[in-house]
Amino acid sequence: MSVMELKSPPPHESPTYLALRHFWHPVCYSDEVTDKPHGVRLMGENVVLARLGGELAAMQDRCPHKGAALSLGQIVDCKLECPYHGWQFDEKGDCVRIPAREEMATVMNRKVRRYHVTESAGMVWVCLADVPKYPAPVFPELKGAEYRVLRGRPYDWNTSTPRRLENFVDFAHFSFVHDGTIGSRENPRVEAVKVWRENNVMRFDRSGVKEPGVGKKKELLGLTDDWIEPTNVYHVTMPHTVHLKRVFPNGKRYILFMAASPVDATTTRSFWWQARDFGTEEEHDAFFMDFEDEVLAEDKPIIESQTPIQMDLAGELARQEMPVRHADIVSVEYRRWLLELTNELANA
């Protein structure tokens, strides 16, 4: 079979995509869920979030009566009320009131499907499977008094979550996609790093790499050299959350936390935070946010051009992507672990 004849399964049938149901995924920031129902979409399913009697609940966003979206309703007496006929559901998803015939609520015994939900790293996370494989990721710097913490605007890319994560930890693209921002064509060589696993986290550090020391960030850092060599400490919480701590030569720190969420098989929504302990005045916030927007704008068209959207980890198409020894060690180890999880969970 020729390369042109090779076909991958439809994205929504990819074994890796199916395995993702067993993990926590961010669906919104915590403060977006207030005193009203909040609708989100995860892996092609509509989910409604609501705070009911002090408890955060996640349910299928569909009333079992006539299929209306519960996220269009309201919260009444700590119950989620459907906008169409006023049916009310408690935090367990049980129907407790049918206004048209009050006596029928207990007789009909209708329920809305519930999902696992938790809050961590300033976000709401949902798991669609019966038992989450790993704990939800954490962002330790969120409450750190020494940091100026900013919440990023979520952004959608037409790609899969593994592609998005892999882009974040792909060192070889910095020199070309980000020439002049976080990389330079003058320094394209990538040395191998040590990659290891700790529980549900893939870890690796990268140092000794020069990047341009230019612009306002250099000024705020208080550095004078034309080239800066930070130490980059990565924690990848499987399957697609990354915590990057950048430590500069003078000890100043800049942190990025990004969690990718599969809206569906071909759409990824990324939620993110940044934290810094230099230039912490509010007047500098726009600069740091604009800088990250610039980097993301450089990445987006490249990542959206990759095919297939869902990475083939074990089939014929997997052999059409050829990793480079040492330079692609992070991608190799990430895909190896992701394949192990796929084989374990895709049909579970």
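Above this text is the structure in question.
Here the structure is a predicted model, which means the values were calculated and not measured.

Undergrad: Describe the overall build of the chain, listing the residues and the values that go with them.
TA: Summing up its helical and strand segments, the chain has 7 helices and 20 strands in all. Along the longest, intermediate and shortest principal axes, the C-alpha atoms of the chain span 75 × 60 × 35 Å. Taking all 348 residues of the chain together, 50% fall into the buried category. Across the chain, the fraction of contacts at a sequence separation of at least 24, relative to all contacts at a separation of at least 6, is 58%. Summed over all atoms, the accessible surface of the chain reaches about 16,800 Å², with 49% contributed by carbon and sulfur.

Undergrad: Describe the packing of aromatic side chains, and please don't skip the residues or the numbers.
TA: In the structure shown here, the tally under the stated rule is 15 aromatic pairs. With centroids separated by 5.6 Å and ring planes inclined at 80°, the aromatic side chains of Tyr 29 and Trp 273 adopt a geometry described as edge-to-face. Residue Tyr 29 is found in strand β1 (residues 25-29), and its partner Trp 273 is found in strand β20 (residues 267-276); the two are separated by 244 residues along the sequence. For Tyr 29, a relative accessible area of 1% corresponds to the buried category. Ring pairs connect the aromatic residues Tyr 29, Phe 139, Phe 257, Phe 271 and Trp 273, which therefore count as one cluster. In this structure, Arg 206 is placed above the aromatic ring of Phe 171, and the distance from its NZ or CZ to the ring centre is 4.3 Å. The cationic tip of Lys 217 hangs over the ring face of Tyr 254; the distance from NZ or CZ to the ring centre is 5.9 Å.

Undergrad: Go over the sheet that holds β1 with me, naming the residues and quoting the values.
TA: Strands pair in a sheet through their backbones, by hydrogen bonds, and they do so in one of two ways: parallel or antiparallel. Sheet architecture is open: 6 strands sit in the order β1-β10-β9-β4-β3-β2, paired in antiparallel fashion. In this open sheet, the two edge strands, each paired with only one partner strand, are β1 and β2 (38-42). Pairs of neighbouring strands in the sheet enclose a mean axial angle of 35°, with direction left out of account. Bridge analysis of strand β9 (residues 114-120) against strand β10 (residues 123-127) gives 5 bridges, and the strand direction is antiparallel. Bridge pairing links Ser 120 to Met 123 in β10.

Undergrad: I'd like to hear about the pattern of salt bridges, residue by residue, with values.
TA: Evaluated as defined, the whole model comprises 23 salt bridges. Glu 45 serves as the salt-bridge partner of Arg 21, at 2.9 Å between the closest nitrogen and oxygen. Highlighted residues: Arg 21 in the loop between α1 (15-19) and β1 and Glu 45 in strand β3 (residues 45-52), separated in sequence by 24 residues. Assessed through its relative accessible area of 18%, Glu 45 is described here as buried. Among the ionic pairs, Glu 321 bridges to Arg 335, the shortest N-O distance being 2.9 Å. Here the residue Glu 321 occupies a position in the loop between α6 (285-304) and α7 (329-345), and Arg 335 occupies one in helix α7, the gap between them amounting to 14 residues. By relative accessible area, which is 27% here, Glu 321 ends up partly exposed. By relative accessible area, Arg 335 is classed as buried at 18%. Each of Arg 163, Glu 166, Glu 321 and Arg 335 takes part in a single network of salt bridges with overlapping partners.

Undergrad: Got a sec to walk through the pairing of strand β17 (residues 231-237)? Specific residues and values, please.
TA: Two strands pair when backbone bridges link them, and strand β14 (residues 201-206) and β17 are joined in this way by 6 bridges, in the antiparallel orientation. Bridging from a neighbouring strand, Val 201 pairs with Thr 237 of β17. Judged from the 7 bridges that link them, β17 and strand β18 (residues 241-247) form a sheet pairing that is antiparallel. Paired with Tyr 234 across the bridge in β18 is Leu 244. The hairpin formed by β17 and β18 contains 3 residues between the paired strands.

Undergrad: I'd like a description of the packing of helix α3 (residues 161-168) against α7, backed by residues and values.
TA: The N-to-C vectors of α3 and α7 enclose an angle of 150°; their axes lie 10 Å apart at closest approach. It follows from the interaxial angle that α3 and α7 lie roughly antiparallel. Helix-helix and strand crossings are classified by hand; for α3 and α7 the assignment is right-handed. In contact with Pro 162, Arg 163, Leu 165 and Glu 166 of α3, α7 contributes Ser 331, Tyr 334, Arg 335 and Leu 338. Its residues assigned to classes, the contact of α3 with α7 shows 4 nonpolar, 1 polar and 3 charged.

Definitions and limits used
- Residues numbered from 1 in each chain as written.
- Predicted model: local features only at pLDDT ≥ 70, side-chain atom pairs only at ≥ 80, totals over all residues.
- Heavy atoms only, no water.
- Helix = DSSP H or I, 4+ residues; strand = E, 2+ residues; numbered from the N terminus.
- Buried < 20%, exposed > 50% of the residue type's maximum accessible area, 1.4 Å probe, protein only.
- Contact = heavy atoms within 4.5 Å.
- Areas by Shrake-Rupley, 256 points an atom, 1.4 Å probe, with all protein chains shown as cover.
- Phe/Tyr/Trp six-rings, centres within 6.5 Å; stacked < 30°, edge-to-face > 60°.
- Lys NZ or Arg CZ within 6 Å of the ring centre and 35° of its normal.
- Pairing = 2+ DSSP bridges.
- Axes fitted to C-alpha atoms, helices over the stretch in contact; angles between N-to-C directions.
- Salt bridge = Lys/Arg side-chain N within 4 Å of Asp/Glu carboxyl O.
- Parallel < 35°, antiparallel > 145°, perpendicular 65-115°, else oblique.
- Left-handed = near helix turned anticlockwise from the far one by under 90°.
- Nonpolar A, V, L, I, M, F, W, Y, C, P; charged D, E, K, R; others polar.

It is worth stressing that arrangement in space is one thing and function is another; only the former is reported here.
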